Amino acid sequence: MINSEMNKLVETLLQGDHAGALAEAKRLRAAGVAPERIVTEGMEAAMSRLDDKCTVESFNLLEIMLVGRAVSAVANELYPEGMPPEQGRATFVIATLEGDVHDLGKNITRMVLIGKGYRVVDLGKDCPVENLVNAAQREQADAVLVSGLISPVIAQVRKVRPALAERGLGGIKVVAGGAALKQSSAEALNVDYVAETAFDGARYLDELMRRRHE
Amino acid sequence: MNSLERIKAAIALDPVDRTPAVPQLFGHAATLAGVALGDYLRDGGLLARCQIEALKHYGHDVVFAFMDLSVETEAVGSILQYRENQYPDVASYVLTPDGDLSALTMPDPARAGRMPELLRAAGILRRELGDTVLVAGCVAGPMTLATQLLGIETALYLAADDPERFEKILDFAAAVAIRYGTAQIAAGVHLPVIFDPAASSAVVPPQFFRELLLPRLKRVFAAFSQAGALAGWLNIAGPTEAILPYYPEAGADIANFDYYVAPDRAQQLLPHTCLDGNIKSLSFVDAAPEEVGAAASRLVAAFAGRGGFLLSSGCEIPPEAKPENIAAMVAACRGDEACRS
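Residues numbered from 1 in each chain as written. Chains lettered and ligands numbered in written order. Predicted model: local features only at pLDDT ≥ 70, side-chain atom pairs only at ≥ 80, totals over all residues.

Trainee: Help me understand the sheet that holds strand β5 (residues 193–195) of chain A in this model?
Mentor: Working definition: the strands of a sheet are paired by backbone hydrogen bonds and lie parallel or antiparallel to each other. Residue and element names in this part refer to chain A. Read from one edge of the open sheet, five strands run β2-β1-β3-β4-β5, paired in parallel fashion. With one partner strand each, in any of the chains shown, β2 (119–122) and β5 form the two edges of the open sheet. Between one strand and the next, the sheet's axes are offset by a mean angle of 25°, whatever the strand orientation. Where strand β4 (residues 173–177) meets β5, three bridges bridge the pair, whose relative direction is parallel. Following the sheet pairing, G177 is matched in β5 by A195. The strands touched by helix α5 (residues 104–115) are β1 (91–96), β2, β3 (143–147) and β4; relative to β1, the strand with the most contacts, the crossing angle is about 165°. Along the sheet, helix α6 (residues 129–138) contacts β1, β2 and β3; its crossing angle with β1, the most-contacted strand, is approximately 170°. (Pairing = 2+ DSSP bridges. Helix = DSSP H or I, 4+ residues; strand = E, 2+ residues; numbered from the N terminus. Axes fitted to C-alpha atoms, helices over the stretch in contact; angles between N-to-C directions. Contact = placed C-beta atoms within 7 Å.)

Trainee: I would appreciate a short explanation of helix α1 (residues 3–11) of chain B in the present structure.
Mentor: For an α-helix the count is 3.6 residues per turn, leaving residues at separations of three or four pointing the same way. Residue and element names in this part refer to chain B. For α1, a buried count of seven out of nine residues is recorded, marking the element as mostly surrounded by other parts of the structure. Buried residues of α1: S3, L4, R6, I7, K8, A10 and I11, and no others. At its buried positions, α1 is contacted by β4 (134–140), β7 (254–257), β8 (274–279) and β9 (309–313). Where α1 ends, the next residue or the one after it, L13, has phi of about 60°, a positive value. (Buried ≥ 20, exposed ≤ 12 C-beta atoms within 10 Å, placed from the backbone.)

Trainee: Is there a simple way to explain the domain arrangement of chain A in this structure?
Mentor: It is common to give the size of an interface as the accessible area lost on bringing the parts into contact. Residue and element names in this part refer to chain A. Partitioning chain A into structural domains gives domain 1 (1–82) and domain 2 (87–214). Measuring from the centre of the C-alpha atoms in domain 1 to the corresponding centre in domain 2 gives 24 Å. Residue-level contacts link 18 residues of domain 1 with 13 residues of domain 2. Of all the secondary-structure elements, those providing two or more residues to the side of domain 1 that touches domain 2 are α3 (35–53) and α4 (61–78). The biggest single contributor to the side of domain 1 that touches domain 2 is α3, with eight residues. For the side of domain 1 that touches domain 2, the residue count by class is twelve nonpolar, three polar and three charged. (Domains from an automatic or database assignment. Nonpolar A, V, L, I, M, F, W, Y, C, P; charged D, E, K, R; others polar.)

Below you can see the structure in the form of structure tokens.
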């Protein structure tokens, strides 16, 4: 019974039906299903299927935004105060850096990571590197993620790693993504990984977290 | 052959003396001239002067009467935030998801926002260059303007939640493109390029392009053709392999392709259409001139058998690009000329 209800939630999420997904999640909670289980068997399962579907060749923002909106609605229902650190598998701090106000890519990445059960601290757009480093320290982040649509922001991206190291946070991984940044390399950007898509970045982080827990 | 004749021949897939060099140089012309981008984007006379200076400097085959993709939304009523050396952003969108669509008024290109300045630039460029060089104008495509009227997230959610309302906005955006583009033709451009980055398959699925955007692009290109445009030029960056085959139906005689699409694949998909592309934009900023030159030469060679090619970047060459990298790209076309002669 619960399994079929959970499948219904996954399907509704994948259809991008946020109102329907919210109703399914409420039904599951009313039936006594724990939020953790809804995250892993509902939200994560939906994101995993969307990941399989979204190859680099067939990755479009509209579809992902609709699923992301549905996933966020369920996450907000389960955790109105935000996902607690002990519930999330890891904490990531995400921002569009100073000089760039295009934050759609960042917002999508945030939704994908929330859907995978991570705790995501979003610093918004036009964010100074110093604020990013402060947040990484305060939130005990496992990684920081920066997104950039336009090339002038590259100079800011290159500053992130040294700024983290200066605070003794050199162990925090830095992931970059977005239309301008993905034309470059990790070496040129002075980051640990350049993600081709939000899912590519999420896979890198999954693997990183898996290795940490081994 | 002069530049315009060379480009016309390439559009017709006829023989050319060398591959035309068509770098997408917009704000870079300001940087090259040592002018603040914010001034360049608001002064048609300055824009025209910088474009002509860049043309003299690099010796390529096109000038662009183009400011940025916010001109139309500003003319309709959005508030922009200008920065000294960056393109402006929309600080306040003219439309809200449930706002009154009938309040949207068609901008008059002779008076609205920066449109008159752009028309002034178009007129100066055509007067100065006549029919020696292609003078290209530019308009935002319907999808891009819709996202600029609402904000991209709001626009995409609206497209899913209230398609009927969204289509009305697309119709308005297409009408703005027609009004602004035909005014550019009247002011002197040989053709207005339709830039529609938000129509890319990275943003919306191919089915969305076919059903919602293709009919409107068709309408805009048909109006441009009727107003005397030399050709239809569609520029959509990003992964466009799934939608390229629809470009001729839209009315595009020149199809831009970005670095995501391999040159041989683009030729397979559009065997009878002139293509322009596809050097990575960022390589003009961070690569060495030899690398850009080599990429350009590979592209020229890839089209040597077929013709119908304009050597270009896949997307805009960033304002801060290294001039020696653009020169290296143009030099690949000169090398082509030497080989042919």
